[in-house]
Amino acid sequence: MTCFDAKYLVLILLVVQNTCLVLLMRYSRTRPGTMYLGSTAVCCDEAMKLITCLGIITCTYYLQKRNNNDGSAEYSQLNSSDADADDKQLEDGFDEFDDDGDGIDNNTAQLNQSNETFREYLRDQLQFDFRMGGVALLYTVQKNLLYVAISNLDAAVFQVTYQAKILTTALFSVLLLKRKLSKQKIGGLLLLTMGVALVQLDKVEDNASKSYQEQNRWAGVLAVLGACCTSGFGGVYFELVLKPHQADSAGPPPSVWAKNVQLSTFALIIALTTAFIKDHKAILSDGFFQGYSPLVLLVITLEAGGGLVVAAVIKYADNILKSFATAVSIVTSTIVSMWVFGFIVSKLFVQGSLLVFVAIGLYSRNENASNSNYAEKAEMEASSSRSDKGLQSQTSDIAMMNMNSRRSSDAMP
């Protein structure tokens, strides 16, 4: 498969994942019957990602070990990038910053020592940095807020409002990192603010889809804005605290899967603590898995798998294509919400959504153009050493794994 084909295949995959995740989350939170707890769903999400990443690390080790022992051709490691995939999600401001590196396949370099045991390999990979707990805390809070938001807002309204994460990321980068924004970026942010405001000025309660659960519009708006703030601050936190520490550390940095193991371990501990503090009465009375069904498990799987999609998008797609995928996902979710959930599209919603689309395009295009020289230089260096180096993917969410994070959250469009 050529890079061109892979780019558009990943684009389609991102649109499908984003659309299905938001719509299924909305349906699972509005259907009749016992409602599952969002806090426990976050715990299951992190546990699933932790097990998946540990499985990938284990398979990578034994496959490389077997190939080294057989003297066969070099094995292309399952880790195709050294990016912080959750960065979040998220789907989420966690993916606004790049994690620079030298593009070296760290696992392959370490596994060239044929006598390295699996325990030694894990010890080298899983070098826990407790500062990663800060990102995990923000990421866990963000995911819990997203469940509150999608429970109280229609899928289309939620997706448009959640694009305010671009604004919060830019604001935190200016305030904390002292970065300067171009006039075009500032114009894009102003249009984004106007678009989100128009959507919120609409008579959302009159146009909302039917729900069998109690809804509070303003609780949903505040929750999604809080998620935007944690998303933006998470990206800046990584840039301000973790990235300099990784640059100063000796030896090759851990792989993307090892980073996700670290992030998911901290996030799982925090998520379990949050669940038992916030919902301890409901858990003790009706159980940890109350309200769970195959649909809920599918939602959790899509949420956990979002980080893998983000990693593929970072490798094959640029910011413009990612922005296009976001716009297509919003349009698709709106159409499905109209047909399936009875959501009514008003003029204010259409006008606000168009402003958001234009704002995302302006912000992404300017960022892509400003980095064109760097991208050309990186491509030349990669071409000269592609035989023994993997292309270096770059991200902070996050993504918010998901991050896959990014997450999920960043996984969220």
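Residues numbered from 1 in each chain as written. Predicted model: local features only at pLDDT ≥ 70, side-chain atom pairs only at ≥ 80, totals over all residues. Heavy atoms only, no water.

**Q** Whenever I open this one, the overall build of the protein chain confuses me. Can you help?
**A** In terms of regular secondary structure, the protein chain is built from 16 helices and two strands. Out of the 413 residues belonging to the protein chain, those deemed buried represent 53%. Accessible surface for the protein chain amounts to roughly 18200 Å². Of this, 65% is attributable to carbon and sulfur atoms. (Helix = DSSP H or I, 4+ residues; strand = E, 2+ residues; numbered from the N terminus. Buried < 20%, exposed > 50% of the residue type's maximum accessible area, 1.4 Å probe, protein only. Areas by Shrake-Rupley, 256 points an atom, 1.4 Å probe, with all protein chains shown as cover.)

**Q** Would you mind going over helix 8 (residues 183-201) with me for this structure?
**A** Each α-helix turn comprises 3.6 residues. Residues three or four places apart therefore point the same way. For helix 8, with 19 residues, the first-to-last C-alpha span of 27 Å sits near the 27 Å given by 1.5 Å per residue. For helix 8, every residue scored as buried is listed here: Lys-185, Gly-188, Leu-189, Leu-192, Gly-195, Val-196, Val-199 and Gln-200. The arc that holds every buried residue of helix 8, seen down its axis, measures 130 degrees, which confines them to one face. For helix 8, the exposed residues set more than 90 degrees away from the buried face come down to Lys-183, Leu-190 and Leu-201. (Expected span 1.5 Å × (residues − 1). Arc of directions from axis to C-beta.)

**Q** Can you walk me through the packing of aromatic side chains in this structure?
**A** The relation between two aromatic rings is expressed through the spacing of the ring centres and the mutual angle of the planes. For the coordinates displayed, the defined rule picks out nine aromatic pairs. For the pair Tyr-36 and Tyr-147, a centre-to-centre distance of 6.3 Å together with 90 degrees between the ring planes defines the contact as edge-to-face. In this pair, the class of Tyr-36 matches that of Tyr-147, namely buried. Here the aromatic rings of Phe-130 and Phe-266 are separated by 5.9 Å at their centres, their planes lie at 65 degrees, and the arrangement is edge-to-face. Of this pair, Phe-130 sits in the loop between helix 4 (118-125) and helix 5 (132-152) while Phe-266 is found in helix 11 (residues 256-278), placing the two residues 136 residues apart along the sequence. Using a relative accessible area of 69% as the deciding quantity, one classes Phe-130 as exposed. By the ring-pair criterion, three or more aromatic residues cluster together here, those being Tyr-36, Tyr-147, Phe-276, Phe-288, Phe-289 and Tyr-292. Seen from the ring of Tyr-36, Arg-29 lies directly overhead, with NZ or CZ sitting 4.8 Å from the centre. We note Lys-185 situated over the ring of Tyr-363; from NZ or CZ to the ring centre the distance is 3.7 Å. (Phe/Tyr/Trp six-rings, centres within 6.5 Å; stacked < 30°, edge-to-face > 60°. Lys NZ or Arg CZ within 6 Å of the ring centre and 35° of its normal.)

**Q** Explain helix 5 here, please?
**A** When the terminal C-alpha atoms of helix 5 are compared, their 31 Å separation across 21 residues agrees well with the 30 Å that a helix rising 1.5 Å per residue should span. Most of helix 5 sits out of view: 16 of its 21 residues are buried.

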